[in-house]
Amino acid sequence: MRVAIIGSGPAGFYAAEALLKRADAAVDVDMFDRLPTPYGLVRGGVAPDHQKIKMVIRVFASTAARPTFRFLGNVQLGRDITVEELRRHYHQIVYATGNEADRRLDIPGEGIARCTPATVFVGWYNGHPDYRHAQVDLSVRRVAVVGNGNVAIDAARVLLRTPAELEKTDIAAHALEALRNSQVREVFILGRRGPEQAAFSPAELKELGTMEAADPVVAPGELAGCAVSTGNAETDRKLKILRAFAARQPRADAKRLHLRFLVSPTEVIADAEGKVAGLLLAKNRLEARPDGTIAARGTGEIELLEVGMVLPAIGYAAERIAGVPYDEKARIIANDDGRVVDPASRAVVANEYVVGWARSGPQGLIGEHKRASARVVEHMVADAAGLAPRELPERDAIVSLLRGRGVQPVSFSDWKRLDDAEVARGARRGAPRDKIVDVEAMLAVLGQR
């Protein structure tokens, strides 16, 4: 069986691993990525000060070393090759394209200068080629991060880390230089629901208390009404950490990270130059829905939070891919437990599957996708057993097709050369790597430009 996996992030690699480890099926895997670099979210999304998390790439590299695995980087579905062409060259297709779009606040003023989606900010400091030229103005003293998931915490932490803390990470060189000159002194993380419903993990929250020159601040009133014990161990851990933050005395000279709850932004306020000057916040209360879930409802009370930058971090969404069914409501690839389906009829699209955030939306930590991808692989193997044998073109025909169009795929051995170059660059500043952030520069290193 020959399988194409579109996307080289964790979910894609976990699917490849599950396929290639099977004893009951002989499988060749070709993994495509639109960038010359593999690893998706691990490289372009995980915060630079989380180097331990990034060590998972060692597992992925061992999968890539298998003789029946092939990496084809610098190849974009919809630009360099079509879905129909993949169908002719592979028995099955797995979409592992993640969530590259951001969800918007949909409030007045959202598009003004210094209101920057978290997707842009995260891509900028991680050296993602798409965002290397992003305009991130850090000449302001106060920043609002809207959302209280792990991405919001990552963004706030990067804003408040010292240059000394950041320079030993793999943060992009352009971001490190900008953060050296940052004027940011206060960051506000804003959640529309209460502390008990916050989406961030206990580990991410606890880390806010370890920053060298910034203190987490929780006003005691933010925790009013929270139960001593909720019956949920993870929620109780988060509340314990928040209570510890509330009891701390902030250092006089430290930067501040304020954790706010039960507020929703209603408008971004501009100054005379058309740049962010403030954020109108509606105060909320919690109401129980008939199904037992909790909703935030506005009380009618509005406050003005004076900030010079707004970073919306309220979630990600899958991009549409030509020829691939899309669920407009959920903003993911339309699927039923990983089998791609027609979004209207829900009829299964034969031999096409989806894993990771493109399947589920932005939820679950990296390690959790191993089991989810393996489950989809079980569907793939079960479905393949009922199919009549189908002859495909030679395996290298797909490479010939691409080269005929002037596309030069980047192999995994090519990537290792890029990897070596980045590690050598990073060693000069005592960092794990200094990323090459321009695709043309990457290809130049490989002698392809």
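This section reports on the structure supplied with the text.

Definitions and cut-offs
Position numbers for residues start from 1 in each chain and track the written sequence from start to end. Where totals are concerned, whole chains, interfaces and linings use all residues; where local detail is concerned, this predicted model gives features only for residues with pLDDT of at least 70, and gives and counts side-chain atom pairs only at 80 or more. In computing side-chain properties, one takes all heavy atoms of the structure into account and sets aside hydrogens as well as water. Per the convention used, a helix needs a DSSP run of H or I reaching at least four residues, while a strand needs a run of E reaching at least two, with both numbered from the N terminus. Note on classification: 1.4 Å probe, protein chains only; a residue is buried when its accessible area is under 20% of the maximum for its type, exposed when over 50%, partly exposed between these limits. Note on contacts: a residue pair qualifies if any of its non-hydrogen atoms lie within 4.5 Å across the two residues. For two strands to count as paired, DSSP must find a minimum of two bridges between them. Every axis in this analysis is a line fitted to C-alpha atoms, fitted for helices over the stretch in contact. Angles between the N-to-C directions lie between 0 and 180 degrees. Think of a salt bridge as a Lys or Arg side-chain nitrogen and an Asp or Glu carboxyl oxygen that are within 4 Å of each other. Put simply, angles under 35 degrees are roughly parallel, angles over 145 are roughly antiparallel, angles from 65 to 115 are roughly perpendicular, and the rest are oblique. Less than a right angle of anticlockwise turn of the near helix away from the far helix marks a crossing as left-handed, whereas a clockwise turn marks it as right-handed. In this description, one arc is meant: the one made by directions from the helix axis to the C-beta atoms.

Turning our eyes to something else, we now look at the overall build of the chain. Scanning the chain from terminus to terminus reveals 16 helices and 19 strands. Overall size of the chain, expressed as C-alpha extent along the three principal axes, is 70 × 55 × 40 Å. Taken across its 449 residues, the chain has 53% of its residues classed as buried. Long-range contacts, defined here as pairs at least 24 residues apart, represent 74% of the contacts in the chain between residues at least 6 apart.

Reading across from one edge, 10-11-12 is the order of the three strands in this open sheet, with antiparallel pairing throughout. Here the strands that pair on one side only, and so sit at the sheet edges, are strand 10 (263–270) and strand 12 (294–305). For this sheet the average axis-to-axis angle between neighbouring strands, irrespective of direction, equals 25°. Alignment of strand 10 against strand 11 (residues 276–288), held across seven bridges, turns out to be antiparallel.

What follows concerns the pattern of salt bridges. All chains considered together, the criterion is met by 46 salt bridges. Taking the shortest distance from any N to any O, the salt bridge between Arg285 and Glu287 comes out at 3.1 Å. A residue is classified by how much of its surface remains accessible, and Glu287, at 30% relative accessible area, is partly exposed. Residues participating in the shared-partner salt-bridge network are Asp49, Asp154, Arg157, Arg161, Glu165, Glu204 and Glu207.

Side-chain alternation along strand 4 (residues 92–95) places Gln92 and Val94 on one buried face and Ile93 and Tyr95 on a second face that is also buried. Where strand 1 (residues 2–6) meets strand 4, four bridges bridge the pair, whose relative direction is parallel. The residue bridging Val3 from the neighbouring strand is Gln92, located in strand 4. Examined bridge by bridge, strand 4 and strand 19 (residues 348–354) share three bridges and lie parallel to one another. Each bridged residue has a counterpart across the sheet, and for Ile93 the counterpart in strand 19 is Glu352.

Before going further, it helps to spend a moment on the pairing of strand 19. Here strand 18 (residues 339–341) pairs with strand 19 via two bridges, running antiparallel. Note that in strand 19 the partner of Val341 across the bridge is Val348. Hairpin connection of strand 18 to strand 19: six residues between the antiparallel strands, including Arg346 at a positive phi of 65°.

The next thing to look at is the packing of helix 1 (residues 10–20) against helix 4 (residues 57–64). The geometry of helix 1 relative to helix 4 is characterised by a closest axis approach of 10 Å and an angle of 45° between their N-to-C directions. Taken as axis vectors, helix 1 and helix 4 run oblique relative to one another. Remark: the crossing between helix 1 and helix 4 carries left-handed chirality. From helix 1, Pro10, Phe13, Tyr14, Ala16, Glu17 and Leu20 reach across to helix 4, where they touch Val59, Phe60, Thr63 and Ala64.

A few words on the packing of helix 6 (residues 118–125) against helix 7 (residues 150–160). Following both chains from N to C, one finds helix 6 and helix 7 inclined at 50°, their axes separated by 11 Å at the closest point. Here helix 7 runs oblique to helix 6, going by the angle between their axes. For the crossing formed where helix 6 meets helix 7, the hand is left-handed. Along the contact surface, helix 6 presents Ala118, Phe121, Val122 and Tyr125, while helix 7 presents Val151, Asp154, Ala155, Val158 and Leu159.

The next thing to look at is the sheet that holds strand 3 (residues 69–72). Pairing within the open sheet is mixed, and its seven strands lie in the order 3-2-1-4-19-18-17. Across the chains shown, the open sheet's two edge strands, defined by having one partner strand only, are strand 3 and strand 17 (335–336). Taken strand by strand, helix 1 contacts strand 1, strand 2 (28–32) and strand 3, and its axis lies near 170° from that of strand 2. Helix-sheet contacts for helix 13 (residues 368–385) involve strand 1, strand 4, strand 18 and strand 19, and the interaxial angle to strand 19 is about 150°.

Turning next to helix 9 (residues 173–180). When helix 9 is considered as a whole, its buried residues turn out to be Ala175, Leu176 and Leu179. Taken down its axis, helix 9 places every buried residue within 100° of arc, on the same side. Here the buried face of helix 9 lies against helix 6, helix 7 and helix 8 (163–167).

Everything listed here is a matter of geometry and, on its own, says nothing about what the molecule does.
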